[in-house]
Every structure is written in structure tokens, then in C-alpha cells.
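These are the residues of each chain, in order.
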Amino acid sequence: IETALRESSVTQMLCHDKIDSTNTAALALDAPGALVLAEHQVGGKGRLGREWTETPRAGLAMSLRVPVPPHAVGWVPLLTGLALRTAVARETAYRADLKWPNDLLAASGGKLAGILCEMTPDAIVIGAGLNVDHTREELPVPTATSLALELGRPIGAIDRSALVIAYVQELTTLLAALHTGGGGLRAAQEAYRAACSTIGARITVQTQDAPVAAEATGVDDDGRLLVRDPAGATRAIAAGDVHHVRV
Ligand code: BT5
């Protein structure tokens with residue numbers, strides 16, 4: 001992996017057999033360009049204090065620590081989801097649904113991957129967990145699924161190292177667009193919008209008070225989801241849980 005990533009944003013790679021959280025490890029490192037991987041992550045973090053559960057040798061847990069210009073931080077989680085989706089398509093030909101901001105879902109609705117970005121004063125730690133080789137019995141929660149299950153591939157047939165390499169390469173290209181801005185950034189944002197299955201979908205948005213039914217109409221230049229409520233009013237959502245309504 002290290003050799004293949006020589007041209008990427010990775011300057012140093014740490015591969016742990018067992019660790020609490022690759023994000024926590026990358027947060028503690030003062031090394032821009034550090035990529036932390038773990039074969040078994042025992043204390044994986046989800047968003048909003050939730051947990052991410054890994055199955056040894058079946059899941060991928062990856063955290064990349066990189067500097068990001070402050071004005072572009074809002075797009076990092078979204079472009080990370082795009083990078084992961086593209087990498088999965090490149091290596092396995094599987095086209096996952098990309099749900100705003102960045103969950104990867106299978107056609108069955110099962111969750112294949114989750115992303116957690118955490119900020120330090122000078123960098124962002126981009127954490128991604130991908131379910132690759134789980135059997136049905138190994139899935140940590142009923143809402144999860146794995147690439148092996150969705151593709152009907154035998155365990156061990158999907159090259160996990162190739163997935164790591166493809167993901168970091170895709171992410172490197174998209175992060176470079178964030179740094180340069182201009183046309184490159186607009187192209188990356190358009191690629192995200194084209195891939196995001198939330199846009200155009202009927203959704204429910206979990207607000208502080210209650211779930212609200214709405215239609216997602218787009219993603220604005222700050223990475224916020226634009227939703228139109230039944231009364232026709234449009235507003236932008238910066239963070240929150242969005243559930244697609246299946247019709
Ligand atoms: C996420 O949170 O989806 C972000 C997960 C980020 C995990 C990566 S792994 C590498 C790095 N190091 C870390 O410590 N974290 C990052 P959220 O949207 O809050 O989803 C969490 C919810 O997904 C849980 O409450 C479970 O219901 C479910 N879940 C837990 N483990 C799962 C898995 N392996 N596959 C699918 N769903 C899972």
C-alpha cells in the first residue's frame with residue numbers, strides 16, 4: 001500500500017493490529033499526511049456519540065490526517081463519501097448509493113460505510129469505515145451490509161488493500177481540488193451532486209423537535225442540503241439525520 005500511495009497525500013502510514021479508534025490515533029499524531037489503518041478497531045466512533053462496530057479482517061478502518069483550508073472544510077465529508085463510492089466502483093464494479101452527507105448504502109438499503117471527520121486547529125482527520133468481507137452472521141447491526149454480501153462474492157475474494165489504495169488516491173485528487181478551488185472544485189462538487197442519491201428524493205429530516213417530511217432539491221456551495229417542505233419553503237440543512245422515504 002505504502003508504495004502505491006507514494007504520489008498521494010500520505011506521508012506516513014501506520015497499520016495497527018488492534019486499536020481503539022483510528023481517528024483517535026490520528027488526532028493524537030502531529031503528522032500531516034498520516035494514514036492510520038487497523039485490522040481490528042475495538043472502540044470505533046460514529047457521529048453524534050454513536051459507535052462504529054468493526055469485525056476483524058472483514059472491515060476496513062482508515063483515518064487520514066490532512067491540512068484543509070478552513071473555507072473548504074464543509075465539503076470534506078461529502079467529497080470523502082464520493083471518494084469511497086468511486087473507489088468501491090473502481091475496484092469491485094459495485095455502484096453504491098451515496099446518501100447526503102456521506103453514507104454509502106447498498107441497493108437493499110443496508111449501510112456499507114460510514115464517515116466521521118474530526119477537526120484539530122490545523123488539520124482534519126478523515127475517518128472511514130467500510131464493510132468489505134462480512135458474512136451475514138458477522139454484521140454488527142441489522143441495518144448493516146457488506147460488499148461481499150451485496151456482490152455475492154466468497155469471503156477473501158475482494159482485495160482490501162486495493163480498496164485502500166483506490167480510496168486514498170481518489171481522496172487525494174478531490175482534496176487537491178479543495179486546495180486549488182476554481183474550476184477543479186466546481187467539477188468535484190458537480191461530481192458529488194451527480195452521485196448523491198438524496199438529491200431529488202423524498203426524505204424526512206430529523207430536527208430537534210420532530211421529523212419533518214420534505215423533498216431534497218440540491219446541495220449548496222457550503223455542502224448543505226437544500227430541502228423544500230410541503231408548504232414550498234426551501235431551507236438549507238448543515239447537519240442532521242436524513243432518512244430517505246422509499247416510495
Ligand atoms: C458513521 O456514524 O457512520 C461514521 C462511522 C465512522 C467510522 C470510522 S472507522 C475509522 C474511523 N475511526 C473511528 O473511530 N471512526 C471512523 P453514524 O452515522 O453515527 O452511524 C453509526 C451507526 O451505524 C451506529 O449507531 C449503528 O447503528 C450503525 N453501525 C455501527 N457499526 C456499523 C457497521 N460496521 N456497519 C454499518 N452500520 C454500523
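Residues numbered from 1 in each chain as written. Predicted model: local features only at pLDDT ≥ 70, side-chain atom pairs only at ≥ 80, totals over all residues. Heavy atoms only, no water.

**Details of the nonpolar core**
For clarity, the threshold we go by: Buried residues of nine kinds, namely Ala, Val, Leu, Ile, Met, Phe, Trp, Tyr and Cys, make up a nonpolar core once their side-chain atoms join them within 4.5 Å. We call a residue buried when its accessible area falls under 20% of the maximum for its residue type, exposed when it is over 50%, and partly exposed in between, using a 1.4 Å probe and counting protein chains only. Put simply, DSSP H or I for four residues or longer makes a helix, DSSP E for two residues or longer makes a strand, and each gets a number counted from the N terminus. Each domain's extent is set by a domain assignment, obtained either automatically or from a database. Any two residues whose heavy atoms approach within 4.5 Å at even a single point are treated as in contact.
Residues L84, L130, Y167, L178 and Y192 are the most contacted members of the largest nonpolar core, which totals 61 residues. Per-element tally for this core: the top contributor is helix 4 (residues 160-180), with eleven residues. For this core, the two domains that each supply at least three residues are domain 1 (12-195) and domain 2 (202-244). In this structure, L130 is in contact with A58, G59, L60, L84, V88, L112, A113, L147 and L163, ignoring residues within four places of it in sequence. With six residues, the next largest nonpolar core counts I19, A26, A38 and V125 among its residues.

**Topic: the domain arrangement of the protein chain**
Accessible area lost upon the coming together of the parts serves often as the stated size of an interface. For the record, the criterion: Defined in terms of a 1.4 Å probe, buried area is the accessible area two parts forfeit on being brought together, summed over both. We call two N or O atoms a polar contact when they sit within 3.5 Å, provided that within protein one can donate a hydrogen and the other can accept it, with sequence-adjacent residues counted only if both atoms are side-chain atoms. Amino acids are sorted into nonpolar (Ala, Val, Leu, Ile, Met, Phe, Trp, Tyr, Cys and Pro), charged (Asp, Glu, Lys and Arg) and polar (every other residue, Gly among them).
Along its sequence, the protein chain is carved into domain 1 (12-195) and domain 2 (202-244). Taking only C-alpha atoms into account, the centre of domain 1 sits 24 Å from that of domain 2. Counting residues at the interface gives eleven residues for domain 1, matched by 14 residues for domain 2. Per-residue buried area on domain 1 facing domain 2 is highest for K99, W100 and R193; these three make up 63% of the total on that side. One can count four residue pairs in polar contact (both at pLDDT 80 or more) joining domain 1 with domain 2. Tallying contributions element by element places helix 5 (residues 182-195) first for the side of domain 1 that touches domain 2, with three residues. For the side of domain 1 that touches domain 2, the per-class residue count stands at five nonpolar, two polar and four charged.

**Comments concerning helix 5**
The cut-off we apply is this: Expected helix span is computed as 1.5 Å times (number of residues minus one).
Spanning 14 residues, helix 5 covers 20 Å between terminal C-alpha atoms, matching the ideal 20 Å at 1.5 Å per step. Taken as a whole, helix 5 has its buried residues at L185, A188, Q189, Y192, R193 and A195. Elements that come into contact with the buried residues of helix 5 comprise helix 2 (76-92), strand 6 (97-99), helix 4 and strand 11 (211-219).

**Topic: the site of the ligand**
Convention followed: Throughout, the term near means that a residue has one or more heavy atoms lying within 4 Å of the molecule or strand in question. Throughout, the Shrake-Rupley method with a 1.4 Å probe supplies accessible areas, and for residues the shown protein chains are the sole cover considered. Here the term cavity refers to a set of points on a 1 Å grid, laid over the protein atoms alone, in which a 1.4 Å probe fits but cannot get out; the term pocket refers to an open set having protein on both sides within 12 Å along at least five of seven lines, with lining residues being those that place an atom within 4 Å of a point. A molecule is counted as occupying a cavity or pocket when more than half of its atoms fall within 2 Å of that pocket's grid points.
In the neighbourhood of the ligand, 25 residues make up the surrounding shell, with S21, K45, R50, K111 and N131 lying closest. T22 places a side-chain nitrogen or oxygen 3.1 Å from a nitrogen atom of the ligand. Here a nitrogen atom of the ligand and a side-chain polar atom of N131 are 2.8 Å apart. Expressed as a share of its isolated accessible area of 800 Å², the protein-covered part of the ligand is 92%. Its atoms largely coinciding with the cavity grid, the ligand occupies the largest pocket. The set of elements that each furnish at least two residues to the shell around the ligand consists of helix 1 (22-28), strand 3 (44-45), strand 4 (51-52), strand 5 (59-66), strand 8 (111-119) and strand 9 (124-131). Residue classes in the shell around the ligand are distributed as eight nonpolar, twelve polar and five charged.

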